[in-house]
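The primary structure of each chain is shown beneath.
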Amino acid sequence: MKKLLLVFTTMIMILVGCGTTEVKENTDQPKQEETKKEQVTVQITKDNGKEKVTEKKVDITKGATIMNVMQDNFDIKTQFDGAFISSIEGIEGNEKDKTSWFFSVNGEEAMKGAKEITLKPGDSLEFDFHKYE
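Please read these numbers as outputs of a predicted model, since none were measured by experiment. Each chain carries its own residue numbering, running from 1 in the written order of its sequence. For this predicted model, a pLDDT threshold of at least 70 governs which residues receive local features, and a threshold of 80 or more governs which side-chain atom pairs are given and counted, while totals over whole chains, interfaces and linings are taken from all residues. Computation of side-chain values: all heavy atoms of the structure, hydrogens and water removed.

### Topic: the overall build of the protein chain
Per the convention used, a helix needs a DSSP run of H or I reaching at least four residues, while a strand needs a run of E reaching at least two, with both numbered from the N terminus. Each helix and strand in the protein chain was counted, giving 3 helices and 8 strands. The linear arrangement of helices and strands in the protein chain, starting from the amino end, is α-α-β-β-α-β-β-β-β-β-β. Counting over 133 residues, the protein chain shows a buried share of 29%. Contact between two residues is taken to exist if any of their heavy atoms lie within 4.5 Å; hydrogens are not considered. Taking all contacts inside the protein chain whose residues are at least 6 apart in sequence as the whole, residues at least 24 apart take part in 51%. Accessible surface, the protein chain as shown: approximately 10,300 Å² in total, 52% of it carbon and sulfur. We call a residue buried when its accessible area falls under 20% of the maximum for its residue type, exposed when it is over 50%, and partly exposed in between, using a 1.4 Å probe and counting protein chains only. Areas reported here follow the Shrake-Rupley algorithm with a probe of radius 1.4 Å; residue values treat only the protein chains shown as occluding.

### Thoughts on the environment of Val 105
Within the secondary structure, Val 105 sits in strand β6 (residues 99-105). The sequence separation of Val 105 and Leu 119 amounts to 14 residues, and the corresponding C-alpha distance is 8.6 Å.

### Let's talk about the sheet that holds strand β8 (residues 124-131)
Strand pairing is assigned whenever DSSP detects at least two bridges linking the two strands. Taken in spatial order, the 5 strands line up as β2-β1-β8-β6-β7 in an open sheet, and their pairing is mixed. Where the open sheet ends on each side, the last strands, each with one partner, are β2 (51-59) and β7 (108-109). Examined bridge by bridge, β6 and β8 share 7 bridges and lie antiparallel to one another. Within the sheet, the bridge partner assigned to Phe 103 lies in β8 and is Phe 127.

### So, the sheet that holds strand β3 (residues 76-79)
On the basis of which strands lie adjacent, the open sheet formed by 3 strands has the order β3-β4-β5 and antiparallel pairing. The two strands at the open ends of the sheet, each matched to only one other strand, are β3 and β5 (91-92). As defined by bridge partners, strand β4 (residues 84-88) adjoins β5 across 2 bridges and the pair is classed as antiparallel. Following the sheet pairing, Ile 88 is matched in β5 by Ile 91.

### Brief notes about the pairing of β4
With respect to burial, β4 is a largely interior element, 4 of its 5 residues being buried. In this sheet, β4 lies alongside β3 in antiparallel orientation, the contact comprising 4 bridges. Counterpart to Gln 79 in the pairing with β4 is Phe 84. Where β3 hands over to β4, the hairpin turn is made up of 4 residues, of which Phe 80 adopts a positive phi near 55°. Counted along the chain from β4 to the antiparallel partner β5, the turn is 2 residues long, and its residue Glu 89 has a positive phi close to 50°.

### Notes on the nonpolar core
Among the nonpolar cores identified, the biggest contains 25 residues, and Val 42, Ile 66, Met 70, Ile 88 and Phe 127 are the most heavily contacted of them. Listing elements by their share of this core, those giving two or more residues are β1 (39-46), α3 (66-73), β4, β6 and β8. The element best represented in this core is α3, accounting for 4 residues. Setting aside residues no more than four positions away along its own chain, Ile 88 makes contact with Ile 44, Met 70, Phe 74, Asp 75, Ile 76, Trp 101 and Phe 127. In these notes, a set of buried Ala, Val, Leu, Ile, Met, Phe, Trp, Tyr and Cys residues joined through side-chain atoms within 4.5 Å is what counts as a nonpolar core.

These results come straight from atomic positions and should not be treated as a statement about function.
And the structure:
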């Protein structure tokens with residue numbers, strides 16, 4: 001009888017020990033999805049890329065346009081009801097000198113306005129200040 005009681009007690013202890021094993025999820029570290037940020041690279045130059053003004057990676061949200069990114073990350077001025085960027089970081093074009101800002105996305109000259117182009121993660125945006133004509 002003592003052997004049976006000892007076996008029974010041992011089995012209960014084993015079952016209780018197995019039943020209380022707990023796996024705790026580490027909540028101190030952010031999930032990988034939360035740490036991955038979507039970014040684009042913005043390069044600002046003068047004279048067809050001869051002079052670099054600035055270059056930086058900036059975070060974007062889904063549906064962000066070029067205008068959104070520029071307004072959120074740079075000191076800009078606009079014209080024509082906010083449709084055209086006329087000044088970036090204090091560098092402003094004018095008709096007398098026939099200078100203006102031109103931009104491209106992923107190496108291709110933009111054929112739409114900055115409000116109309118939606119950026120995707122990894123895009124490269126280039127603004128260059130130079131003469132036109």
